[in-house]
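# A closer look at the structure
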Amino acid sequence: MKNKPENIWDERFITILLDSLADGVFALDEVGKIISWNKSMERITGYTAEEALGKKCSILNFSRCFQNDCPGNTEECEIYRVGSAEAKECLLIHKDGYTVPVLKNAGGVTNENGSVIGVVETITDFTELKNVQLKVEEVTQRLGEMYKFDNIIGRSRPMQQVFSSIRAAAASDASVLIQGESGTGKELVSGAIHYNGERSVRPLVTVNCSALSESLLESELFGHVKGAFTGALRDRIGRFEEADGGTVFLDEISEISPMIQMKLLRVLQEREVERVGESRKRKIDIRIISATQHDLFGLVRQRRFREDLYYRLKVFPIQIPPLRQRKEDIPLLVDQFIEYQNEKTQKRIKRISEMALRILMDYPWPGNVRELENAIEHAFVLCTTDEIDLFDLPVEIRQIEYGTQPTTSQEFSGCSPPLKDQLTREKLIQLLHECLWNKAEAARRIGVSRTAVWKYMNKWEIPLKRPD
């Protein structure tokens, strides 16, 4: 029978144990000098045991000690005074000069009298964890870029197609016709095209064609010379000349008169302009981006818009979908508007409630993104907590009626519809069961909006989803 060692935990075993640990471990004596230094400490810090032994831990230049600043002696060190300390995340300086993120922990070694005679510290290398965090942040940023083009936000398929069209248009110099309902962001699209193209260093000049009369619009676009008409007291450069080398965005292009249509066609064909009251032709280098909320081709068929101009303008058409056709973008837009309003108002609203968001998702949004932005701004005026609730939203959004008006006919199955002034919790639960928990159907039978049904359910603590 082989003889067993008298003490299995002799110095050799302890050394092997410490060197097998992934974390760095070192020990200090009663005066703060290093007396033990395992292999992981060599790997993490770059200092060999021979270089570290006999030195103080200050050679590592920790960015943060257990009492924030590393003291000069053991009498002031928290570990030596108290015997323990909470773990701290900090940085140490590697022998080669670069920083290493670590988690630092320590405990005091006491004698029979309770006095601290040494310290054992452990160092966990956070380098890999920090790299993973950076990769997560990078992926998050890329996802944000996927759903955002300049100030245009959307992850829906229709908006991804718009983003693709913007990139294609930005890489070209062709005339672009942007079509979409009011409030969909046509001006944002024009800006994205211009500022992501080769003309981005030159001006983007915007003209609202519906805001000016024919004579004023002509002067605005083409400019005029002194004395061209009453009030023309000096020469004035037009928007086309002002944008030379850049882009002119003509908003509401469908509103221009036949005379302006004819002159615009000449600009597109000849790339030259004549100021009002002058016969001199001036060469210009511009790109035309136009936009309308109307069916421009329908106006062509009605002979209210020149067909030749229409085809000149729509070399590359972009159709922006209304918000009701891309409702999956609403949560993204809401978050963006909350962030913007927080900066603007100095409030600290964090989120929107589930019920309020459901209302926004069900609303048809005739005013599109602009109306949604106004709704969030309205909510910021009323909200007094860190969460936008249902009753912070504009009343026309909260009280929208869903479906048909109430009826007394027996077109619905089940018992006759209860009157809303006789509604109780039990009757509402029964009706929800009959309607298979379809709240819109229940609202039609009661004769109220679905919002009202949600209010009743919230008031009476009825689950929003059908119980199993």
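Note that the structure is predicted; figures quoted are calculated from it, not measured.

### A closer look at the environment of Glu278
Positionally, Glu278 belongs in the loop between β13 (272-274) and β14 (281-283). Relative accessible area serves as the criterion here: at 22%, Glu278 is assigned to the partly exposed category. Distance in space between the C-alpha atoms of Glu278 and Ala228 is 7.9 Å, their sequence separation being 50 residues. A distance of 3.1 Å separates a polar atom in the side chain of Glu278 from a polar atom in the side chain of Arg282.

### Some details on the packing of helix α17 (residues 425-434) against helix α18 (residues 439-446)
In the contact formed by α17 and α18, the axes pass within 9 Å of each other and the chain directions differ by 120°. Classified by the angle between their axes, α17 and α18 sit oblique to one another. Our pair here, α17 against α18, has a crossing hand that is right-handed. Taking contact as the criterion, the partners of Leu428, Leu431, Leu432 and Glu434 in α17 are, on α18, Lys439, Ala442, Arg445 and Ile446. Of the residues assigned to the contact of α17 with α18, the class counts are 5 nonpolar, no polar and 3 charged.

### A few points about a nonpolar patch on the surface
On the surface, Val109, Ile117 and Val120 cluster together into a nonpolar patch covering about 200 Å² of accessible area. Secondary-structure assignment places Val120 in strand β5 (residues 116-125).

### With respect to the layout of surface pockets
As a volume, the largest pocket reaches approximately 560 Å³. Every residue lining the largest pocket is counted, 24 residues in all, and those nearest its centre are Gly183, Thr184, Gly185, Leu188 and Val369. Looking at the lining of the largest pocket, the elements with two or more residues in it are β7 (152-153), α7 (186-195), β12 (247-251), α13 (330-345) and α15 (368-382). Along the lines of polarity and charge, the residues of the lining of the largest pocket split into 9 nonpolar, 7 polar and 8 charged.

Reading the values: rules and limits
- Residues numbered from 1 in each chain as written.
- Predicted model: local features only at pLDDT ≥ 70, side-chain atom pairs only at ≥ 80, totals over all residues.
- Heavy atoms only, no water.
- Helix = DSSP H or I, 4+ residues; strand = E, 2+ residues; numbered from the N terminus.
- Buried < 20%, exposed > 50% of the residue type's maximum accessible area, 1.4 Å probe, protein only.
- Polar contact = N/O pair within 3.5 Å; in protein donor to acceptor, adjacent residues only side chain to side chain.
- Axes fitted to C-alpha atoms, helices over the stretch in contact; angles between N-to-C directions.
- Parallel < 35°, antiparallel > 145°, perpendicular 65-115°, else oblique.
- Left-handed = near helix turned anticlockwise from the far one by under 90°.
- Contact = heavy atoms within 4.5 Å.
- Nonpolar A, V, L, I, M, F, W, Y, C, P; charged D, E, K, R; others polar.
- Patch = residues over 30% accessible without salt bridge, like charges linked within 9 Å, V, L, I, M, F, W, Y side chains within 5 Å.
- Areas by Shrake-Rupley, 256 points an atom, 1.4 Å probe, with all protein chains shown as cover.
- Salt bridge = Lys/Arg side-chain N within 4 Å of Asp/Glu carboxyl O.
- 1 Å grid on protein atoms, 1.4 Å probe; cavity = no way out; pocket = protein on both sides within 12 Å on 5 of 7 lines; lining within 4 Å.
- Points joined across faces, edges and corners; volume = space filled by probe spheres on them.

Remember that the coordinates give geometry; whether it matters functionally is a separate question.
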